[in-house]
Amino acid sequence: AQTVTQSQPEMSVQEAETVTLSCTYDTSESNYYLFWYKQPPSRQMILVIRQEAYKQQNATENRFSVNFQKAAKSFSLKISDSQLGDTAMYFCAFRHSGGGADGLTFGKGTHLIIQP
Amino acid sequence: GAGVSQSPRYKVAKRGQDVALRCDPISGHVSLFWYQQALGQGPEFLTYFQNEAQLDKSGLPSDRFFAERPEGSVSTLKIQRTQQEDSAVYLCASSLVQKGMYEQYFGPGTRLTVT
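Residues numbered from 1 in each chain as written. Chains lettered and ligands numbered in written order. Predicted model: local features only at pLDDT ≥ 70, side-chain atom pairs only at ≥ 80, totals over all residues. Heavy atoms only, no water.

Comments concerning the layout of surface pockets
- Size it by volume and the largest pocket reaches roughly 570 Å³.
- What lines the largest pocket is a set of 26 residues, among which A:Q39, A:S42, B:Q37, B:V89 and B:R111 lie closest to the centre.
- Each residue belonging to the lining of the largest pocket can be placed in one class, and the counts come to 13 nonpolar, 9 polar and 4 charged.
- Forming the boundary of the second largest pocket are 20 residues, of which A:T105, A:F106, B:P43, B:E44 and B:F45 lie nearest the centre.
- Contributions of two or more residues to the lining of the second largest pocket are made by strand 1 (3-5) and strand 11 (105-106) of chain A together with strand 5 (44-50) of chain B.
- When residues in the lining of the second largest pocket are grouped by element, the largest group, 3 residues, is from strand 5 of chain B.
- Broken down by class, the residue content of the lining of the second largest pocket amounts to 8 nonpolar, 10 polar and 2 charged. (1 Å grid on protein atoms, 1.4 Å probe; cavity = no way out; pocket = protein on both sides within 12 Å on 5 of 7 lines; lining within 4 Å. Points joined across faces, edges and corners; volume = space filled by probe spheres on them. Nonpolar A, V, L, I, M, F, W, Y, C, P; charged D, E, K, R; others polar. Helix = DSSP H or I, 4+ residues; strand = E, 2+ residues; numbered from the N terminus.)

This is how it looks when you write it as structure tokens:
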């Protein structure tokens, strides 16, 4: 079974700084999907960014980008020019590309705090 | 448009009671997922529906947990004879299609507290 590990339970940075959240995973599959979700306090979980393992180019979404290292099974999230509204729990998630279980496998999350 | 909604938002149950949690997915979404999120943890997959068919229930922790989606839209997660370890936030998510990189849209969750 696949596992997702987020080794940073909490991070705190100043507004406007750049921060990188780490995520590693374990799988024997060659193609799969990776996601970063954001869960603000008392609010719904929303998708931040996603990556297909077959695509070598790192995904970017405005201030959010990933560093996908397939051989190392690493999928880190970089947030540039951090804003107060980025304060939230961030979850890294994995999904199979083929048959079998179709749910997401999540890490334990990183609590990101943006200080004014 | 309307997102995924869940009701009730909060539920307190005495140990041994049965509870029913409701999920209204986004209209037209084929796939529906239930997750359990314990305090301070990431969500854990419980079960998955494609339309009305429950294709995967491998994550349900015991036979006290039962989910249904009889008409392929609204889903109910039922927990019988609740135990304290069932205390968690139960998240529902829906997706337009079954597989791939398609986004799962999450509801606000139901926070269940078993006393």
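Picking up where we left off.
So, the environment of A:Q14
- As for its placement among the helices and strands, A:Q14 is situated in strand 2 (residues 10-14).
- Once residues within four sequence positions are removed from consideration, A:Q14 is found in contact with A:S82, A:I114, A:Q115 and A:P116. (Contact = heavy atoms within 4.5 Å.)

A short note on the packing of aromatic side chains
- Counting across every chain of the model gives 16 aromatic pairs over all chains.
- Centroid distance B:Y35 to B:F106: 5.6 Å. Interplanar angle 40°. Geometry classified as tilted. Separated by 71 residues along the polypeptide, B:Y35 in strand 4 (residues 31-37) and B:F106 in strand 10 (residues 105-106) bring together distant segments of the chain. B:F106 carries the same exposure label as B:Y35, and that label is buried.
- With 6.5 Å between their ring centres and 40° between their planes, B:F65 and B:Y90 make a pair best called tilted. Here B:F65, found in strand 7 (residues 65-68), pairs with B:Y90, found in strand 9 (residues 88-95); they are 25 residues apart in sequence, far enough to count as distant. Comparing B:F65 with B:Y90, the two get one shared label, buried.
- Put simply, the rings of A:F35, A:Y37, A:F91, A:F106, B:F33, B:Y35, B:F45, B:Y48 and B:F106 pair up and form one aromatic cluster. (Phe/Tyr/Trp six-rings, centres within 6.5 Å; stacked < 30°, edge-to-face > 60°. Buried < 20%, exposed > 50% of the residue type's maximum accessible area, 1.4 Å probe, protein only.)

Description of the nonpolar core
- Of all hydrophobic cores here, the largest spans 26 residues; its most connected members are A:L21, A:Y25, A:W36, A:F75, A:L77, A:Y90 and A:L112.
- For this core, the secondary structure elements donating two or more residues are strand 2, strand 3 (19-21), strand 5 (32-39), strand 6 (46-52), strand 8 (64-69), strand 9 (74-79), strand 10 (88-96) and strand 12 (110-115) of chain A.
- Considering every element that reaches this core, the biggest residue donor is strand 10 of chain A, with 4 residues.
- Ignoring sequence-local partners within four residues, the contact set of A:L77 consists of A:V19, A:T20, A:L21, A:W36, A:V48, A:I49, A:F64, A:S65, A:V66 and A:Y90.
- Judged by nonpolar contacts, the second largest core, of 20 residues, contains B:L21, B:L60, B:I79 and B:L112. (Core = buried A, V, L, I, M, F, W, Y, C linked by side-chain atoms within 4.5 Å.)

What about the state of the cysteines?
Residue and element names in this part refer to chain A.
- Applying the stated criterion across every chain, the model contains 2 disulfides over all chains.
- Here C23 engages in a disulfide with C92; their sulfurs sit 2.0 Å apart. Sign of the S-S torsion, about -70° for the bond between C23 and C92, identifies this disulfide as left-handed. Of this pair, C23 sits in the loop between strand 3 and strand 4 (24-26) while C92 sits in strand 10, placing them 69 residues apart in sequence. Accessibility classification places C23 together with C92 in one group, the buried group. (Disulfide = S-S within 2.5 Å.)

Some words on the interface of chain A and chain B
- Across the contact, 22 residues belong to chain A and 22 residues belong to chain B.
- Buried surface at the junction of chain A and chain B, summed over both partners, amounts to about 1,900 Å²; 52% is from carbon and sulfur atoms.
- On the chain A side of the interface with chain B, the three residues burying the most area are A:Q44, A:R95 and A:D102, jointly 27% of the side's total.
- There are 0 salt bridges connecting chain A and chain B.
- The interface formed by chain A and chain B contains 4 residue pairs in polar contact (both at pLDDT 80 or more).
- Broken down by secondary-structure element, the contributors of at least two residues to the side of chain A that touches chain B are strand 5, strand 6 and strand 10 of chain A.
- Within the side of chain A that touches chain B, the residues separate by chemical class into 9 nonpolar, 8 polar and 5 charged. (Buried area = accessible area lost by both parts, 1.4 Å probe. Salt bridge = Lys/Arg side-chain N within 4 Å of Asp/Glu carboxyl O. Polar contact = N/O pair within 3.5 Å; in protein donor to acceptor, adjacent residues only side chain to side chain.)

Concerning the environment of B:R64
All names here are of chain B.
- Considering the arrangement of structural elements, one finds R64 in the loop between strand 6 (53-56) and strand 7.
- Between the C-alpha atom of R64 and that of T47, which follows or precedes it by 17 residues, the distance is 14 Å.
- When residues no more than four places from it in sequence are discounted, the contact partners of R64 are K78, I79, Q80, R81, T82, Q83, E85 and D86.
- Reaching out from R64, the side chain makes a polar contact with the backbone oxygen of R81 at a distance of 3.2 Å.

The values reported here are purely geometric and, on their own, carry no functional implication.
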